[in-house]
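Overview (structure and organization)
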Amino acid sequence: VISFVGLALLHLAGGLLRAAATRADWRQTLRSPASIWFALIALYALSLGLIGTVLGVALFIGLRSRLTVRFAPVEVAPPSALSPGAPWALALAVLILARPWVPTSWDEFVWLAKARLESLGFGTGARLALDASAHLVPSGYPPLWPAAVGWVSLGVDSLPAQVSAASLLVLMTLATAMEAWWPRLRSTPGWLVIAVLATPLFWVHARSTYVDLPLGLLAVALLGHVLAGELAAAVVLALVLSGLKDEGLAHVLATVGAVWLVSPRREWRQLTPAVAAVLAAAGWRAAAQFGGITNEDHTLSAPLWRWLPDLGRLLAFHASDLASWGVFWAIALAVGLRSTESSTRALRLGLLLNLTLSGAALLCGPEQVRVFAESGTLLNRLLMQWWPAAAVMVLLEGRRSAQAAAPR
Amino acid sequence: MGDEVGTLESTESVIIDGANGVTRAPRQHFPDAGWSVGVVLVTLALTLALKSQRRRLVPVLLLLSAGPGLLQVLVKRADAPTRRAAMAAQISATVSELQARSGWPLPVAVVRDDDDVLYPLGVYAMPTRAAPDAGVRSIELRGTRVTVTCRGNAPIVCGDAP
């Protein structure tokens, strides 16, 4: 109950903050799932102390004065349009939330451990993440996800409250992605949606508190908002992505770069989310280095080119892991190769850029990340991060095929 | 850990590999890689060859191929819906034991950690660690089983006996 209350309060605050910052109708922003990320990014800025607060205020002023971003009005599906899908969305939400409120896999414990820090006081997670004497595991990671879990659970130090808060956040990332793509996917056949959602590893991650699926869902939401010209939400989502995990920056760069490259009229303003994410990630890295903290998993050096064939082999084996993915990646690849529709081209290019950036990070990263990849603890999770974009690509193509096959 | 080949049947195996794949195939270096890559290549060729009107076959392929994995997720794994409550009870008991004995947020030093299944539970119970020092409570996390009790005081030993 605590987490539901926390989520409602944060969503209310986010909706009002978004309305104030973007001059949008507050009734619309309160109905938009993406609004909660405005509240979370504001809290994140406050938790980073004076510098974060100053940057947060600058972001608010920048959005309100429209100095750097131009944005389309918030487009929220009317209740009449949502009603046919509402029972299915509710069923999906119940399936995701109906889990024992106990972590069951490795990283769940690690993420929720950092969420416990918020029970010691607001902003403790960020403060201790920059304090080498706290010996946080893993060190140097941006602290937004666990801090957000702590805020949604209202700082209560209880395992059920933290797991339910994290699960609600996972659900909000799904809702944010669905909202961003609703205008393009609303006439997608239901049986195709069910078939895509049947991907087995999706259910493992949707019913966990891992951050890989949320990262992918927010990245695909970012792409939807950039394509729609709703750059205020895009900037906020880009900042959230850079605060969740280091891979978040790769997602932002790949997504924004892809839209910019396929766009018939390239505008520098479209790059604003990427600039914001780079500044945020660089700021976090600088603060961590200043505090003597290094993220040992993500330090870079000269590329180990001779490992490239191994990476290709491992990626092929993971994408062919039938128990985890079925034939999803084969179909996504076929769709990517065939489709010429503009949204699909952006998704395809985004996936390709993301693959390139992640491949470069693995080649240039420390030996331990290649050991993780070899021992099977890394690549399926990267694929989980890319799954939402690939899933939207398959859904878009399926919708187009269904429309083409329909009797006129 | 007593698992049948491939299946994440025990609580310990789910804690370690539960999110890395639906089965232990990634950890076991994909023993059936030849077969799976073959299936994927055939599907790729078939999907590329399908005419627009026949693409309604795509969801059928997706659903059929998801079947074995969903069977693992829904029935066989230790975190399957029918078995998850038992797993949760097991984990809750150990986490409570570690939390009670470690006394966090009071300073606590982990002086030994076998880097196995107790490691993440220990991280949850003790998110911050102190340097081993006189007057600081110290704790050892030993072994490869999730169900443990703790004993002793200096250090507190949780898991297998030294």
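These notes cover the structure that comes with them. This is a predicted model, so every value here is computed, not measured.

Cut-off values and rules
Residues numbered from 1 in each chain as written. Chains lettered and ligands numbered in written order. Predicted model: local features only at pLDDT ≥ 70, side-chain atom pairs only at ≥ 80, totals over all residues. Heavy atoms only, no water. Pairing = 2+ DSSP bridges. Helix = DSSP H or I, 4+ residues; strand = E, 2+ residues; numbered from the N terminus. Contact = heavy atoms within 4.5 Å. Axes fitted to C-alpha atoms, helices over the stretch in contact; angles between N-to-C directions. Expected span 1.5 Å × (residues − 1). Buried < 20%, exposed > 50% of the residue type's maximum accessible area, 1.4 Å probe, protein only. Arc of directions from axis to C-beta. Salt bridge = Lys/Arg side-chain N within 4 Å of Asp/Glu carboxyl O. Core = buried A, V, L, I, M, F, W, Y, C linked by side-chain atoms within 4.5 Å.

**Description of the sheet that holds strand β2 (residues 137-142) of chain B**
Hydrogen bonds between backbone groups are what pair the strands of a sheet, and the pairing can be parallel or antiparallel. All names here are of chain B. If you walk across this open sheet you meet the 4 strands as β1-β2-β4-β3, and the pairing is mixed. This sheet does not close on itself; its edge strands, each paired only once, are β1 (108-113) and β3 (150-151). Where β1 lies against β2, 5 bridges are found, and the strand directions are parallel. Looking at β2, one finds that V108 is bridged to R137. Strands in contact with helix α5 (residues 118-125) are β1, β2 and β4 (156-159); relative to β2, the strand with the most contacts, it is inclined by about 155°.

**Description of helix α2 (residues 33-49) of chain B**
End to end, α2 of chain B covers 24 Å across 17 residues, agreeing with the expected 24 Å (1.5 Å per residue, within 8%). For α2 of chain B, every residue scored as buried is listed here: A33, S36, V40, T43, L44 and T47 of chain B. Buried residues of α2 of chain B, seen end-on, are gathered within an arc of 105° and therefore sit on one face of the element. Facing away from the buried surface of α2 of chain B by more than 90 degrees, the exposed residues are G34, W35, L41, V42 and A49 of chain B. For α2 of chain B, the secondary structure elements touched by its buried residues are α17 (308-319), α18 (322-325) and α19 (328-338) of chain A together with α3 (57-76) of chain B.

**Considering the pattern of salt bridges**
Residues and elements named next belong to chain A. The final tally for this structure, using the stated rule, is 19 salt bridges over all chains. As a salt-bridge pair, E247 and K245 come within 3.5 Å of each other at their nearest N and O atoms. Assessed through its relative accessible area of 7%, K245 is described here as buried. Salt bridges here are not isolated pairs; linked through shared partners, they connect D107, D212, K245, E247 and R381.

**As for the nonpolar core**
Within the largest apolar cluster, 162 residues are counted, with the highest numbers of intra-cluster contacts made by W37, F328, W329 and W387 of chain A. Among residues more than four places away in sequence, those in contact with W329 of chain A are A319, L383, W386, W387 and A390 of chain A.

In short, geometric facts, not functional conclusions.
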